Amino acid sequence: MQVKIIIGTIAFMLTMIVIGFISLLEPARMEAFTEAYTGRSIENGAELFANNCATCHGIEGRAEECFDPSSGEPTGCIGLPLNNAQLVCGTRSARMEQLEWAGTKQDFIQSTIASGRVGTAMPTWGEEFGGPLQPNQVLDLTLFVLNWESEELCAEPTPEPVGWPATVAELPEGNPDNGQDHYAVTFGCQGCHGQVVEEGSNTIGPWLGNIAEEGAERVEGYTAADYVYESILNPNAHIAPDCPNGPCTEPSAMPGNFAQQMTLQDMADVIAYLLGTNEFESSAEIQLPE
Ligand code: HEC
Ligand code: HEC
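Remember, it's a predicted structure, so these values are computed and weren't measured experimentally.

K.L.:
Can you help me understand the pattern of salt bridges in this one?
P.N.:
Where charged atoms from two side chains of opposite charge come close, those side chains can pair. What the rule picks out here adds up to three salt bridges. A salt bridge links Lys 105 to Glu 149; the shortest N-O distance between them is 3.1 Å. With Lys 105 in helix H5 (residues 105–115) and Glu 149 in the loop between helix H6 (135–146) and helix H7 (151–155), this residue pair connects regions lying 44 residues apart in the sequence. On the basis of relative accessible area, Lys 105 is assigned to the buried category, the value being 10%. A salt bridge links Arg 218 to Glu 214; its shortest N-O distance comes to 3.3 Å. One end of the pair, Arg 218, and the other, Glu 214, are both in helix H10 (residues 211–218), four residues apart, so they sit about a helical turn from each other. According to the relative accessible area criterion, Arg 218 is partly exposed, its value standing at 29%. Given a relative accessible area of 33%, Glu 214 falls into the partly exposed group.

K.L.:
What's the story with the packing of aromatic side chains in this structure? I'm lost.
P.N.:
What describes a pair of aromatic rings is the distance from one ring centre to the other and the angle between the planes of the rings. One pass over the full model with this rule turns up seven aromatic pairs. Judged by centre distance (5.6 Å) and plane angle (55°), the rings of Tyr 183 and Tyr 273 are tilted. Placement of the pair is Tyr 183 in helix H8 (residues 176–186) and Tyr 273 in helix H13 (residues 264–275), with a sequence separation of 90 residues. Of the two residues, Tyr 183 and Tyr 273, neither departs from the other in class, the shared state being buried.

K.L.:
Teacher, can you tell me more about the domain arrangement of the protein here?
P.N.:
Many authors give the size of an interface as the accessible area that is lost as the parts come together. When the domains of the protein are assigned, the result is domain 1 (57–155) and domain 2 (168–275). Placing the centre of domain 1 and that of domain 2 at their C-alpha centroids yields a distance of 26 Å. Between domain 1 and domain 2, the residue contacts involve ten residues of the former and nine residues of the latter. For the pair domain 1 and domain 2, the summed buried area comes to about 670 Å², and 61% of that belongs to carbon and sulfur atoms. Its largest share of buried area at the contact with domain 2, domain 1 owes to Gly 76, Ile 78 and Leu 80, together 46% of the area lost on that side.

K.L.:
For this particular structure, what's the right way to read the coordination of the iron atom of ligand 2?
P.N.:
Tetrahedral coordination by four donors places them ideally at 109.5 degrees to one another around the metal; octahedral coordination by six donors ideally gives 90 or 180 degrees. Protein coordination at the iron atom of ligand 2: the donors are His 193 (NE2) and Met 254 (SD), at 1.9 to 2.1 Å from the metal. Coordination at the iron atom of ligand 2 is octahedral: its six donor atoms span angles of 86 to 179° at the metal. Taken together, the residues His 193 in helix H9 (residues 189–193) and Met 254 in the loop between strand E4 (246–247) and helix H12 (258–261) connect sequence positions 61 residues apart. Looking at His 193, the relative accessible area reads 10%, which means it is buried.

K.L.:
How do you make sense of the site of ligand 2 when you look at a structure like this?
P.N.:
Surveying the vicinity of ligand 2 reveals 29 residues, the closest of which are Cys 189, Cys 192, His 193, Tyr 227 and Met 254. In the model, an oxygen atom of ligand 2 is placed 2.4 Å from a nitrogen or oxygen of the Tyr 227 side chain. A distance of 2.6 Å separates an oxygen atom of ligand 2 from a polar atom in the side chain of Ser 252. Sorting the residues of the shell around ligand 2 by element identifies H9, H10, helix H11 (224–233) and H13 as the ones contributing at least two each.

K.L.:
Please clarify how H11 should be interpreted in this entry.
P.N.:
Since there are 3.6 residues in each turn of an α-helix, residues three or four apart along the chain are aligned in direction. Of all the ten residues making up H11, nine are buried; the element is thus mostly covered by neighbouring parts of the structure. Among the residues making up H11, those that are buried are Ala 224, Ala 225, Asp 226, Tyr 227, Val 228, Tyr 229, Glu 230, Ile 232 and Leu 233. Contacts from the buried residues of H11 go to H10, H12 and H13.

K.L.:
Looking at this model, I keep getting lost on H6. Mind explaining?
P.N.:
The terminal C-alpha atoms of H6 lie 16 Å apart, and with twelve residues this matches the ideal 16 Å at 1.5 Å per residue to within 8%. All buried positions along H6 are accounted for by Val 138, Asp 140, Leu 141, Thr 142, Leu 143, Phe 144, Val 145 and Leu 146. Among the structural elements, helix H1 (2–52), helix H3 (85–88) and H5 are those in contact with the buried residues of H6.

K.L.:
Just checking my understanding: could you explain the environment of Gly 205 for this structure?
P.N.:
Locating Gly 205 in the fold gives a position in the loop between H9 and H10. Overall, the relative accessible area of 8% leaves Gly 205 in the buried class. Setting aside residues up to four positions removed in sequence, Gly 205 forms contacts with Cys 192, His 193, Cys 243 and Pro 244.

Criteria and thresholds
- Residues numbered from 1 in each chain as written.
- Chains lettered and ligands numbered in written order.
- Predicted model: local features only at pLDDT ≥ 70, side-chain atom pairs only at ≥ 80, totals over all residues.
- Heavy atoms only, no water.
- Salt bridge = Lys/Arg side-chain N within 4 Å of Asp/Glu carboxyl O.
- Helix = DSSP H or I, 4+ residues; strand = E, 2+ residues; numbered from the N terminus.
- Buried < 20%, exposed > 50% of the residue type's maximum accessible area, 1.4 Å probe, protein only.
- Phe/Tyr/Trp six-rings, centres within 6.5 Å; stacked < 30°, edge-to-face > 60°.
- Domains from an automatic or database assignment.
- Contact = heavy atoms within 4.5 Å.
- Buried area = accessible area lost by both parts, 1.4 Å probe.
- Donors = N, O, S within 2.8 Å, 3.2 Å for Na, K, Ca; no water.
- Tetrahedral: all angles 85-135°; square planar, octahedral: opposite > 155°, others 65-115°.
- Near = heavy atom within 4 Å.
- Polar contact = N/O pair within 3.5 Å; in protein donor to acceptor, adjacent residues only side chain to side chain.
- Expected span 1.5 Å × (residues − 1).

Structure, rendered in structure tokens:
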């Protein structure tokens, strides 16, 4: 009898010790499990990104190098950079502030992917909105995009937003030689609009070799300079009639973020190059981007 009680007590204490020990280890185990799960989710997201998103947002989400999915030819990047401090850095990123998003950063990115952006080239992806991807795939993509937040990326200083003047005449004097370089290289206009000196060399956007004349005809009351300035800052304000493969589509396939990438001087240089003059005549206030 005595022995049974003693054995019973020892067994009970051992059980308690083992249970106590397991419960101590549990949070660590859960964390390891969550990490492994998140890791897998990010890996899936990377693959989904390469197959569905890189055509517009570029390799590594930098919106620098984009390729046509069917031909493999390089094209201009239509989407915004996502591997980008403005979008992913901080509890409230600069983009969330700008678009007045009240929820969390994860919700912001997840809902943008799921529902797309109306009035822009960003498609709807979530099946609940008629897109091709399931909610867990949208989550994988979200975690993949959030994963770009790194100390290195977020250490870059945030550029001050440029205050764009309402009329083109308020820009500084343009330098057409620098403008040529910006057109061909810095901002990749040539990748879509072709060479200004060669009609028909355009691939996605209209040929701009005659924009000094054509631009003055596009919008009632606008000079060519007004029109070109507005077209670069706010591509959706007006849609050009003719693109290489038929009428230009709406929303515009032209990137909407030159307002964030250019300085006033870059803008003046590009316009001077396209119009062949650095005296910009203006007869209207343009629609500035949001
Ligand atoms: C056909 C081109 C295209 C494709 C394909 C595309 N996007 Fe976009 N995406 C855009 C454009 C254009 C914008 C900018 C919309 C705007 O002006 O607000 C955008 C915006 C976004 C934004 C918000 C960025 C910001 O700074 O506000 C996220 C996030 C995003 N896309 C994720 C994705 C993901 C993930 C995929 C793949 C599942 C994808 N996109 C596929 C064109 C595309
Ligand atoms: C990803 C391809 C792409 C890139 C890069 C691009 N554009 Fe465009 N652009 C287009 C498309 C497509 C249109 C026609 C739709 C529209 O009007 O927005 C267009 C329209 C224009 C127009 C109006 C043309 C007309 O005939 O009415 C001008 C001007 C223009 N772009 C200038 C530029 C400049 C300058 C750059 C570089 C800073 C640039 N674009 C970069 C695709 C692009």
